[in-house]
Each structure stands twice: as C-alpha cells, then as structure tokens.
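Observations on the model geometry
Each chain is listed here by its residues.
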Amino acid sequence: MKDILRLLRYVRPYAGRLAAAVACSILISLVYLGLLGLIQPILDEVFPRAAIAPAATAGKIQPFDSIRRLLGAGGALAPLTSWAGRMRGESAGTLALIAAAIIVLFVLKGLFTYLASYLTRWTGLMAVRDLRADLYARIQRQSLAFFSDHPTGSLISRVVNDVGRLQKLVSGDLADIFRLGAVVLGQAAWLFYLNWRLASFCLILLPLVIYPVARFGSRLKATSRRSQEKMGDAASIMKEGITGTRVVQGFGMEDFEIGRFTKALDRIQAAEKRAARVVSLTAPVLELIGAVGAAALFTYAGQRIAAGKLSPGEFATFIAALWMIYASLKNLVKINNEVQQSMAAASRVFELMDLPNRIREMPGAADLPPFRERIEFRGVHFAYGQAPVLRGIDLIVPAGTVVALVGSSGAGKSTLVNLLARFYDVTSGAVLIDEADIRDVTLPSLRRQIGLVTQEVILFDDTVRNNIAYGRAGIPLEKVVAAARAAHAGAFIEALPRGYDTPLGEAGHRLSLGQRQRISIARAILKDSPILILDEATSSLDMESEAEVQIALQNLMTGRTVFVIAHRLSTVRRADVILVLDNGRIVERGTHPDLLARQGLYARLYALQFKDDGQEPEVSVL
Ligand code: ADP
C-alpha cells in the first residue's frame with residue numbers, strides 16, 4: 001500500500017490527464033449502459049409483443065424511451081423516424097432509431113476509447129520516465145561500497161526490467177482500477193435499480209469471488225518477486241560473460257558460460273511457471289463460481305417469470321447488465337493479478353532507492369577552498385567490513401610533493417587513496433585538506449581538486465574530444481588538443497580517420513592499452529586538479545607503452561601534489577617520499593636511497609622484483 005502511494009506520487013504531475021482518461025472511461029461505461037437500454041425496446045417492442053408483465057416494468061426509466069421522447073420533442077430525428085415510419089410502419093421507425101443509436105453510441109465509444117487509452121499510456125510513459133531517471137540518479141550518486149554490494153547486471157536489470165514492469169501499472173492498471181471500480185459500483189447500483197431482488201440474490205455470491213482473488217494475488221506477488229530476483233541474477237551473469245569475453249574465450253569457457261546463463265534462465269522460468277499457473281487458474285475458478293451463481297439465478301428468476309412477476313425483457317436486461325458487471329469484475333481481478341506482480345517490482349525499486357548513501361554531505365557543507373598547503377591523514381583507521389584494512393595512518397603531505405605508496409598486494413594502498421577522494425569514509429580518524437576535514441566539505445568541490453588515473457581506463461562511447469573534455473562541452477578544441485599533446489596522445493589521435501571527432505565506440509577497441517591510457521591522462525591534464533592520484537596507471541602496460549605513458553605522466557604531474565601507487569618499484573624511485581605499507585600500517589617511509597640503506601621491507605621488495613625483472617627498466621621519469 002505504501003508502495004502504491006509512492007508510485008502515485010510519480011503519477012501526480014500528470015494527474016489532470018489521468019483524470020481526463022478516467023472520465024473518458026466512465027463515459028465509455030455510460031455508452032454501454034445506453035446500449036443496454038436498447039435491449040428492452042428490441043425485445044419488447046420490435047419483436048411481437050408477448051408475455052409482458054406491465055406491472056414489473058411500469059414506472060422504471062427506460063433510457064431508450066427517454067431519449068426517443070427527448071429527440072422527438074427536439075425534432076432532431078423527426079425526419080428519420082417519420083420517413084422510416086412511413087415506409088414500414090411504427091415498429092420500423094423504432095428500428096431505424098435503434099440503428100442510428102447504435103452507430104452514434106459506437107462513434108462515441110470509439111472516441112472515448114481512443115482518448116482514454118492514449119491519455120493513460122501517455123501518463124504511464126511519463127511517470128516511468130521520471131521513476132527511471134530518479135532511480136538512476138540515486139544509483140549514480142551511491143558510494144563505491146554500494147557498487148561492491150550490487151553487481152552491475154542486477155542494477156541494470158532493476159532500472160530496465162523492474163521499472164519496465166511498473167510501466168503497465170502506472171500507464172493502465174491504476175487508471176483501470178479507478179475506472180473499473182467506479183464502473184462496477186455504477187453497474188451494481190443499476191442492477192439494484194433494475195431489480196433489487198435479483199441483485200441481492202447475486203450479492204450472496206460476492207465473498208465466494210473475493211477469497212480466491214485475494215489468495216491468487218498474494219501468491220502472484222511472491223512468485224513475481226522471486227522471478228525478478230532471478231532476472232537480476234541472469235543479467236549479472238550475462239554482463240560478466242559479455243564484458244569478460246576475452247577471458248571466457250581465452251579459457252575456452254564459452255559452453256560453461258552459456259550453461260551458467262541457461263541455468264539462470266531456468267530459474268526465472270521456474271518462478272514464472274508458478275505465476276503462469278496462478279494466472280491461468282484465475283479465469284476458470286471465477287467462471288465456475290459464475291456458473292454456480294447463474295444456475296441459481298436462473299432457477300430463481302424462472303419462478304418469478306412463471307409467477308408473472310418478471311418480464312422476459314426485464315430479465316434479459318438484468319442478465320445483460322449482470323454479464324457486464326461480471327466482465328468488469330473479471331477485468332478487475334485480472335488487473336489485480338497484474339498489480340500484485342508489479343507491486344513486487346515496485347518494492348524492489350523502492351528498496352534500492354531507499355538504501356542510504358554511505359557518503360553523505362553534511363547539511364550546509366561549504367566548498368573546499370582551492371588546495372594550497374597540505375594534505376593530512378590523522379590517525380586514520382578503516383575497514384570495509386569487520387576486518388581492519390588501515391590501522392592508524394598518520395601522514396602529512398605538503399603541497400607539491402610526490403608520494404609513492406608501495407607494499408605487497410592487499411596492503412591497503414588503493415584503500416588509502418580512495419579515502420582521500422572520499423569514495424569511502426574513514427572508520428575513525430580524519431583526512432584533512434588544508435585543515436578542512438573532507439567530510440565537512442561538499443563532494444563536488446573536493447573531487448574537482450582531485451585528478452584520477454587508474455589502471456583500468458574508462459573510455460565512454462563518444463568522440464575522442466568528448467572523452468578528453470568529459471562533460472565540459474564548451475571547452476575549446478585548442479585546449480583539448482593541447483592536453484592531448486601534453487599526454488603524448490596528439491600524434492595517434494590526429495592519425496585517426498576523423499581525428500578528434502572519431503567516435504571511440506568504434507575506435508576504442510582498436511586503440512592499444514597505452515593509447516587508451518594516454519587519453520585518460522589527457523583528460524586529467526585538462527581537468528587540471530592540484531591533487532593527483534595515479535593508481536597503478538602503468539601496471540598493465542608493456543615496456544614500450546609504459547615509456548610513452550611515463551612521459552605523459554611526467555607532464556601531468558608537474559606542479560601537482562601526487563599520490564602514486566605502482567607495483568614496479570623502478571617507477572617510484574624518484575618520488576619525494578616513499579611510504580611502505582604492510583597490513584594496513586606505514587612501516588617505512590623515506591626516499592629510495594634511505595629505504596634501500598635500511599635493509600627493511602622496501603629493500604626486500606626491491607630485491608625480489610629486481611630478480612624477477614632481470615634488469616632495471618631504462619625509462620623511469622619518477
Ligand atoms: P592494495 O591496493 O594495497 O593492493 P587494497 O587497498 O586494494 O590493497 O586492499 C586492501 C584490503 O582491503 C585487501 O585485503 C582487500 O581484500 C580489501 N578490500 C579492497 N577493496 C574492498 C572492498 N570493496 N570490499 C571489501 N574489501 C576490500
């Protein structure tokens with residue numbers, strides 16, 4: 001229920017159109033009532049008058065008669081009726097009027113149906129668009145911790161599939177519930193008006209209908225939730241298989257991956273099968289209940305007709321009205337089934353939306369002023385979960401310093417720089433920039449001052465120019481070119497078929513790793529942040545690409561405060577200070593010669609690597 005109200009909030013901006021749609025739908029039902037009104041004149045007047053029990057119909061409004069009187073008074077249809085009357089006698093005049101009424105009613109019905117359908121669909125599309133945008137915005141702003149907990153595939157599945165399921169709910173089902181609810185009430189009132197005895201008789205059957213409907217609904221909600229979870233799993237598997245094609249094919253694991261995906265599909269299918277069973281069972285169960293009711297009703301009505309208290313015309317009208325209300329009820333049940341399934345999706349969507357962001361700005365946070373003096377880690381402890389990853393980091397980095405972080409894998413190097421960019425918040429202690437705790441400043445003002453070049457190069461499906469300018473569309477081409485040249489990327493970019501306007505969606509895969517890395521360095525040069533994080537920026541490159549990238553990095557680093565993480569110790573030798581991390585602590589700090597002289601962990605790591613590499617790489621600007 002809470003979820004429904006929340007969904008309705010997305011519909012509210014478009015409430016006017018939805019109300020118009022509901023109004024049109026109610027008009028459609030009125031048209032149906034008009035059609036109903038035609039039955040009695042046809043049966044009782046056009047066909048030979050037989051077995052009429054005037055007492056039973058006397059005094060009731062006959063819509064057809066009323067309209068005929070109205071039109072007769074206004075004279076609108078006078079030529080038609082008088083013409084038909086002249087040709088065929090009185091009964092043929094009625095026939096002509098009935099024929100005209102049918103056409104007019106269906107024209108109206110067509111018009112209202114079009115408007116009702118278009119307006120509800122339009123509302124649904126807009127509401128879903130807003131909901132999807134909202135969900136994506138929440139996801140995009142989430143902390144990195146959120147992304148380690150939620151696989152990409154399952155997130156995509158929620159934005160695409162779960163929200164997709166809601167489209168039908170907001171575009172049609174909700175409007176239909178209002179409309180059908182109003183229609184059923186109106187039809188029920190009409191039934192009572194036509195014949196309260198027969199109507200009360202039918203009312204007894206109502207609980208018989210409600211119980212199975214409620215059961216079916218809750219079953220469907222549960223199965224639907226399961227099936228959507230499985231859909232998310234399948235999407236994750238698919239995403240891994242597709243993005244990891246190189247590894248999958250390299251290991252000859254295509255069949256394994258296909259099997260994994262097929263098994264995931266089977267699990268969706270199993271959940272869906274259960275839902276299909278419930279949905280398919282709904283109509284027969286309802287029909288059976290209807291049949292029992294009809295049998296009882298006919299027996300009862302038969303007696304009343306025999307007793308002369310009910311005319312066949314009246315009974316036929318009642319049955320037709322009853323059939324309409326039954327059809328509306330059946331529709332309501334069908335919609336209820338769909339709504340239950342959609343509500344499972346809604347609760348998944350809102351759950352995701354409501355997950356608190358672990359990285360929050362303080363209310364009223366001020367912008368971080370431009371970086372001038374120093375960065376400080378003060379007694380920093382950090383854990384992703386239970387196990388501590390950083391244990392008491394104390395560090396002061398004056399502006400303009402190049403700090404290298406070394407240590408074995410898992411020592412906590414990336415974690416340390418992630419804290420600086422506030423991808424995570426410290427568990428205790430503080431990270432300060434010019435004495436401002438980074439938790440007290442606005443996130444954009446912090447991140448504007450930090451450039452990031454990582455081992456994994458992220459290029460977007462856009463032109464080279466836009467990839468370098470990333471998000472700053474107004475930047476002049478000359479600046480982009482200057483950044484690219486400083487990143488040693490100018491030559492190969494200019495050799496691309498359309499130069500800076502070449503879409504990387506096409507060329508991204510044709511670029512070498514080193515070239516891609518140089519584009520990302522150009523991006524960082526253009527961003528021109530005073531603080532720079534280089535996280536294994538050259539680790540996956542071969543010697544030759546590394547040499548080029550090193551020159552690019554040197555241009556990038558000039559005049560900035562830099563944190564470098566590199567596996568290859570040769571690349572960190574010339575840092576102003578080298579920090580050796582071990583198991584979450586800084587165990588050694590100093591310059592390359594200092595640390596070698598200490599014969600400690602750094603010296604051991606260096607010796608180990610020296611042995612592995614065989615020789616020192618020639619090019620090292622650091
Ligand atoms: P390094 O960069 O020195 O190789 P990291 O900072 O990446 O080390 O990792 C330090 C420790 O934190 C490792 O034990 C690693 O398993 C753990 N770790 C890293 N990232 C996460 C994460 N997102 N969630 C949980 N644990 C993590």
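The preceding data block contains the structure.
Heads up: these notes are all about the structure in this document. (Residues numbered from 1 in each chain as written. Predicted model: local features only at pLDDT ≥ 70, side-chain atom pairs only at ≥ 80, totals over all residues. Heavy atoms only, no water.)

**Overview of the nonpolar core**
Ranked by internal contacts, the top residues of the largest apolar core, which has 47 residues, are Ile 468, Ile 493, Ile 519, Ile 521, Leu 534 and Leu 556. Of the residues forming this core, the biggest block, six residues, is contributed by helix H21 (residues 513-527). In this structure Ile 519 touches Leu 459, Val 464, Asn 467, Ile 468, Phe 492, Ile 493, Leu 504 and Leu 511, once residues within four positions along its chain are discounted. One finds Ile 393, Leu 446, Ile 450 and Phe 563 within the second-largest nonpolar core, a separate group that totals 36 residues. (Core = buried A, V, L, I, M, F, W, Y, C linked by side-chain atoms within 4.5 Å. Buried < 20%, exposed > 50% of the residue type's maximum accessible area, 1.4 Å probe, protein only. Helix = DSSP H or I, 4+ residues; strand = E, 2+ residues; numbered from the N terminus. Contact = heavy atoms within 4.5 Å.)

**Focus on the sheet that holds strand E10 (residues 585-590)**
Across the sheet, which stays open at both edges, the six strands sit in the order E6-E7-E8-E3-E9-E10 with mixed pairing between neighbours. Edge positions in the open sheet fall to strand E6 (450-454) and E10, since each of these has one partner strand only. Within this sheet the neighbouring strands show an average axis-to-axis angle of 20°, counted without direction. Sheet topology note: the strand E9 (residues 577-582)/E10 ladder contains five bridges and is antiparallel. Each bridged residue has a counterpart across the sheet, and for Leu 581 the counterpart in E10 is Ile 586. (Pairing = 2+ DSSP bridges. Axes fitted to C-alpha atoms, helices over the stretch in contact; angles between N-to-C directions.)

**Here we look at the packing of helix H11 (residues 206-243) against helix H14 (residues 312-354)**
Taken N-terminus to C-terminus, the directions of H11 and H14 make an angle of 40°; their axes are 8 Å apart at the nearest point. On the basis of their axis angle, the class for H11 and H14 is oblique. Viewed along their axes, H11 and H14 form a crossing whose handedness is right-handed. Across the interface between the two elements, Val 213, Phe 216, Gly 217, Leu 220, Lys 221, Ser 224, Arg 225, Gln 228 and Glu 229 from H11 touch Val 333, Asn 336, Asn 337, Gln 340, Gln 341, Met 343, Ala 344, Ala 345, Ser 347, Arg 348 and Glu 351 from H14. Taken together, the residues of the contact of H11 with H14 sort by class into seven nonpolar, eight polar and five charged. (Parallel < 35°, antiparallel > 145°, perpendicular 65-115°, else oblique. Left-handed = near helix turned anticlockwise from the far one by under 90°. Nonpolar A, V, L, I, M, F, W, Y, C, P; charged D, E, K, R; others polar.)

**Focus on the sheet that holds strand E5 (residues 436-437)**
Across a sheet, strands are paired by hydrogen bonds formed along the backbone, either parallel or antiparallel in direction. Across the sheet, four strands lie side by side as E2-E1-E4-E5; this open sheet has antiparallel pairing. Each edge of the open sheet carries a strand with a single partner, namely strand E2 (388-398) and E5. Bridge analysis of strand E4 (residues 428-433) against E5 gives two bridges, and the strand direction is antiparallel. Across the sheet, Leu 432 pairs through a bridge with Asp 437, a residue of E5. Here helix H15 (residues 413-420) sits on the sheet and contacts strand E1 (374-383), E2 and E4; the angle it forms with E1, its principal contact strand, is near 120°.

**Some points on the pairing of E1**
Taken together, the eight bridges between E1 and E2 define a ladder with antiparallel strand orientation. If you follow Val 380 over to E2, its bridge partner there is Ile 393. Where E1 folds back onto E2 in an antiparallel hairpin, the turn is made up of four residues. In the sheet, E1 pairs with E4 via five bridges, with the strands oriented antiparallel. Each bridged residue has a counterpart across the sheet, and for Ile 375 the counterpart in E4 is Ile 433.

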